[in-house]
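Listed here are the chains, written in short residue letters.
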Amino acid sequence: MTAPSRPLLATVGGVLLAACLVLGSLVNAHPPTIDVWFVEAFRGEHNELLGRIIKPVTDVFGPALALTLMVGLVFGFGYYTGVGDNARAGVVVRAALVLGLSWAVVQLKAVFTRPRPRIFPGESFPSGHVTAVTAVAITVVVLIVWSGRELARWLPGALAFVVLLAASCRVMLGVHYLTDVIGAFMGALGVGLLVSAAVWPPGRGVPLNRESS
């Protein structure tokens, strides 16, 4: 698999991040009609059967998932460093940068301070859960590519489904507007692409599986 164009990654990433910032500015003061429609459509569902079903789902597909991956990367770095495999350790460090910086988009909450659709702790824009899951998705993709493996055809679709699931759960629970989850996806993906362009390793990558080396 050939490395994608760094300028292309950076351009797409920059456009997505800018779109996230513009969206946050536009919806911060007053929720648009589409936001209001979804809030009304799922009002009170967090206390009903639907809410009880999807609550465990959103507990898993959120910051907990990103934290688990980050811990795994830290252990991976320690292992490869310990055995003197600096090339593989470097791949893990690059992946950790992509994960950490794209996940950090959640800090935009302090910039926009948008109120939640219902009484709930914290700010609304962007969604922290969707930011975290999107960061995990792009990190998994670049980690596989950088490790020298072929990207399974089904994987991008599966990761997209997980992001969509996380976003849908947050909207249905009434803790986020639709534009919150859209902004989170654009922001995290945008930063992930920008960081990937900045730290993309030379060549195809380094196989993480020793048997393939």
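Every value quoted in this text rests on a predicted model; they were computed, and no experiment measured them.

K.L.:
Break down the packing of aromatic side chains for me, with residues and values.
P.N.:
Within the structure shown, the criterion is met by four aromatic pairs. Measuring from ring centre to ring centre gives 5.1 Å for Phe112 and Phe125, while their planes differ by 80 degrees; the resulting arrangement is edge-to-face. Here Phe125 lies in the loop between helix 6 (109–112) and helix 7 (128–146) and Phe112 lies in helix 6, a separation of 13 residues in the sequence. For Phe125, a relative accessible area of 0% puts it in the buried group. The interplanar angle of 90 degrees and the centroid separation of 5.5 Å between the aromatic rings of Trp146 and Trp200 together place this pair among those described as edge-to-face. Placement of the pair is Trp146 in helix 7 and Trp200 in the segment after helix 9 (178–199), with a sequence separation of 54 residues. In this structure Trp146 comes out as buried when scored by relative accessible area, which is 0%. Judged by relative accessible area, which is 9%, Trp200 ranks as buried.

K.L.:
Mind laying out the packing of helix 5 (residues 86–103) against helix 7, listing which residues take part and the relevant values?
P.N.:
In the contact formed by helix 5 and helix 7, the axes pass within 8 Å of each other and the chain directions differ by 160 degrees. Judged by the inter-axis angle, helix 5 sits roughly antiparallel to helix 7. In this structure, helix 5 crosses over helix 7, and the sense of that crossing is right-handed. Counting all contacts with helix 5, which are made through Val91, Arg94, Ala95, Val98, Leu99, Ser102 and Trp103, the residues of helix 7 involved are Thr131, Ala132, Ala135, Val136, Ile138, Thr139, Val142, Leu143 and Trp146. Its residues assigned to classes, the contact of helix 5 with helix 7 shows 12 nonpolar, three polar and one charged.

K.L.:
Could you give an account of the packing of helix 4 (residues 63–82) against helix 5, with specific residues and numbers?
P.N.:
The N-to-C vectors of helix 4 and helix 5 enclose an angle of 160 degrees; their axes lie 9 Å apart at closest approach. Taken together, the axis directions place helix 4 and helix 5 in an arrangement best described as roughly antiparallel. Pair helix 4 / helix 5 crosses with left-handed handedness. Contacts between helix 4 and helix 5 involve Pro63, Ala66, Leu67, Leu69, Met70, Leu73, Gly76, Phe77, Tyr80 and Thr81 from the first element and Arg88, Ala89, Val92, Val93, Ala95, Ala96, Leu99, Gly100 and Trp103 from the second.

K.L.:
Quick one: what's the story with the pattern of salt bridges, residue by residue and with numbers?
P.N.:
All told, the structure shown has five salt bridges when counted by the stated rule. Asp59 is the partner of Lys55 in a salt bridge, and the nearest nitrogen-oxygen pair spans 3.0 Å. Pair noted here: Lys55 and Asp59 are both in helix 3 (residues 49–60), with a separation of four residues, about one helical turn. On the accessibility criterion, Lys55 (41% relative accessible area) is partly exposed.

K.L.:
Would you mind going over the side chain of Ser147 in detail, with residue names and values included?
P.N.:
Among the secondary structure elements, Ser147 is positioned in the loop between helix 7 and helix 8 (154–172). At 2.7 Å, the side chain of Ser147 forms a polar contact with the backbone oxygen of Ile144.

K.L.:
Describe in detail the nonpolar core, supporting the description with residues and values.
P.N.:
In this structure, Leu73, Val98, Leu99, Phe125 and Trp146 are the most contacted members of the largest nonpolar core, which totals 35 residues. Of all elements in the fold, only helix 1 (6–27), helix 4, helix 5, helix 7 and helix 9 reach the threshold of two or more residues within this core. If you tally residues by element for this core, the top one is helix 7, at eight residues. Non-local contacts of Leu73, meaning those with residues more than four positions away in its chain, are made with Val92, Ala95, Ala96, Leu99, Thr139 and Leu143. Counting 12 residues, the second largest nonpolar core, distinct from the first, contains Val133, Val163, Val171 and Ala184.

K.L.:
How would you explain unusual backbone geometry if you had to name every residue and give the values?
P.N.:
Residues Phe125 and Pro126 are joined by a peptide bond in cis, for which omega reads -5 degrees. Here Pro126 lies in the loop between helix 6 and helix 7. In this model, Thr113 sits at a positive phi of 45 degrees, which is unusual for a non-glycine residue. Along the polypeptide, Thr113 turns up in the loop between helix 6 and helix 7. Judged by its relative accessible area of 45%, Thr113 falls in the partly exposed class.

K.L.:
So, the confidence of the model for the protein chain: which residues are in play, and what are the values?
P.N.:
Averaged over all residues, the pLDDT of the protein chain is 91; the fraction at 70 or higher stands at 92%. Helix 3 is the least confidently modelled element of the protein chain, averaging 92 in pLDDT, while helix 9 averages 97, the highest of any element.

Reading guide: rules and limits
- Residues numbered from 1 in each chain as written.
- Predicted model: local features only at pLDDT ≥ 70, side-chain atom pairs only at ≥ 80, totals over all residues.
- Heavy atoms only, no water.
- Phe/Tyr/Trp six-rings, centres within 6.5 Å; stacked < 30°, edge-to-face > 60°.
- Helix = DSSP H or I, 4+ residues; strand = E, 2+ residues; numbered from the N terminus.
- Buried < 20%, exposed > 50% of the residue type's maximum accessible area, 1.4 Å probe, protein only.
- Axes fitted to C-alpha atoms, helices over the stretch in contact; angles between N-to-C directions.
- Parallel < 35°, antiparallel > 145°, perpendicular 65-115°, else oblique.
- Left-handed = near helix turned anticlockwise from the far one by under 90°.
- Contact = heavy atoms within 4.5 Å.
- Nonpolar A, V, L, I, M, F, W, Y, C, P; charged D, E, K, R; others polar.
- Salt bridge = Lys/Arg side-chain N within 4 Å of Asp/Glu carboxyl O.
- Polar contact = N/O pair within 3.5 Å; in protein donor to acceptor, adjacent residues only side chain to side chain.
- Core = buried A, V, L, I, M, F, W, Y, C linked by side-chain atoms within 4.5 Å.
- pLDDT = per-residue confidence, 0-100.

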